[in-house]
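Chain by chain, the residues run as shown.
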Amino acid sequence: MKLIVAVAVASTASAFLRASPGAAPPSLRAKKDKAADGDAAPVEVNALGKGSIVEFEFNKHTCIGVVDAHMVKAKGGLRYDVVTADEKVHAGVAPKDIHFSAAPLPGDKGDKSPMKRIKDFEDVLATSAARLVDPEVLEICYELAAEEDDGKVFRVKEIAKLFDEGTSPVDLYRTFRIMTSELGRVFFKSAKGEAAAFKAKAHKAVDAAKVTLCNTHGDDYGEFCLV
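Model, not experiment: these values are computed from the prediction.

About the cut-offs
Residues numbered from 1 in each chain as written. Predicted model: local features only at pLDDT ≥ 70, side-chain atom pairs only at ≥ 80, totals over all residues. Heavy atoms only, no water. Helix = DSSP H or I, 4+ residues; strand = E, 2+ residues; numbered from the N terminus. Buried < 20%, exposed > 50% of the residue type's maximum accessible area, 1.4 Å probe, protein only. Contact = heavy atoms within 4.5 Å. Areas by Shrake-Rupley, 256 points an atom, 1.4 Å probe, with all protein chains shown as cover. Salt bridge = Lys/Arg side-chain N within 4 Å of Asp/Glu carboxyl O. Disulfide = S-S within 2.5 Å.

Caption draft 1: Just the overall build of the protein chain, in detail. Secondary structure summary: the protein chain contains eight helices and ten strands in total. Each of the 227 residues in the protein chain was classed as buried or not, and the buried ones make up 38%. Partitioning the intrachain contacts of the protein chain with sequence separation of at least 6 by distance along the chain shows that 55% fall at a separation of at least 24. Carbon and sulfur atoms make up 52% of the accessible area of the protein chain, which totals about 12,800 Å².

Caption draft 2: Summary view of the environment of R177. Of note, R177 is situated in helix α6 (residues 169-179). Placed 49 residues apart in sequence, R177 and S128 show a C-alpha to C-alpha distance of 9.1 Å. With residues near it in sequence (within four places) discarded, R177 still touches E55, T62, V124, L125 and L132.

Caption draft 3: Helix α5 (residues 156-163), seen in detail. Counting buried positions over the eight residues of α5 gives six, a clear majority of the element. Listed as buried for α5 are V156, E158, I159, A160, L162 and F163. Phi turns positive, to about 60°, at D164, one or two residues after α5.

Caption draft 4: Spotlight on the pattern of salt bridges. Going through the model one piece at a time under the given rule, you end up with four salt bridges. Residue D123 is joined to K119 by a salt bridge in which the shortest nitrogen-to-oxygen separation is 3.0 Å. Taken together, the residues span about one helical turn, with D123 and K119 both in helix α2 (residues 118-125) at a distance of four residues. In this structure D123 comes out as partly exposed when scored by relative accessible area, which is 36%. K119 sits in the exposed class, given a relative accessible area of 53%. For the salt bridge of R174 with D171, the shortest nitrogen-to-oxygen distance reads 2.9 Å. A residue pair is termed a helical-turn pair when its members lie 3 or 4 positions apart in one helix, as R174 and D171 do in helix α6 at three residues. Each member of the pair, R174 as well as D171, is classed as buried.

Caption draft 5: Looking closely at unusual backbone geometry. Look at N59: it is not a glycine, yet its phi comes out positive at around 50°. Examined against the element boundaries, N59 turns out to sit in the loop between β3 (53-58) and β4 (61-72). N59 sits in the exposed class, given a relative accessible area of 62%.

Caption draft 6: The arrangement of the state of the cysteines in detail. Taken as a whole, this structure holds one disulfide when the rule is applied. In this model C214 forms its disulfide with C225; the gap between the sulfur atoms is 2.1 Å. Given an S-S torsion of about -80°, the disulfide between C214 and C225 has left-handed geometry. Residue C214 is located in helix α8 (residues 203-221), and its partner C225 is located in the segment after α8; the two are separated by eleven residues in the primary sequence.

Purely geometric numbers; function is a separate question.
Here is the structure:
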């Protein structure tokens with residue numbers, strides 16, 4: 001079982017110490033300093049690149065799409081045009097509505113176009129948490145995380161390494177879906193200000209959340225809910 005390999009590695013703590021790769025939606029930044037000639041410096045935009053694959057919310061539905069373009073509104077608001085697998089263009093997607101992003105791979109063109117990679121992400125989105133991860137794997141990952149300093153933030157790539165899930169874009173998306181699922185929320189909570197960063201819950205909070213989960217979805221989690 002891949003978990004055993006991850007747990008057996010004594011350097012687990014160091015696996016949590018990196019910065020996440022583009023998981024959180026980018027922000028819009030404006031320089032307020034004046035240029036030498038007295039004019040205001042131009043607005044700087046830190047935007048997702050064309051071809052980025054994103055999970056986003058549109059009309060209360062969670063979707064997968066590819067960033068086709070971005071624009072900056074008159075008052076500085078950043079917006080995206082996102083194309084879904086049905087070739088529909090969803091215009092005006094705000095950064096706050098993007099939950100996860102994967103940058104284009106080198107050579108994402110021709111037969112490797114990002115549109116042809118959407119299905120892998122859609123398959124993950126359509127899969128229940130109970131099928132994405134063994135609950136016992138997640139519980140052991142939580143125990144390792146809980147041993148860290150109180151308040152430590154864990155990002156997607158570190159957790160993916162702990163799962164031994166790999167670090168390809170779709171691997172990271174799978175980990176993100178696990179962490180934001182009803183099962184993931186038993187053990188972790190979202191870190192404020194970051195779309196794809198998490199903190200381990202207190203043990204008492206985990207115990208209470210597990211009882212709630214097993215009372216409502218116990219059949220989905222089998223032996224996990226019998227312990």
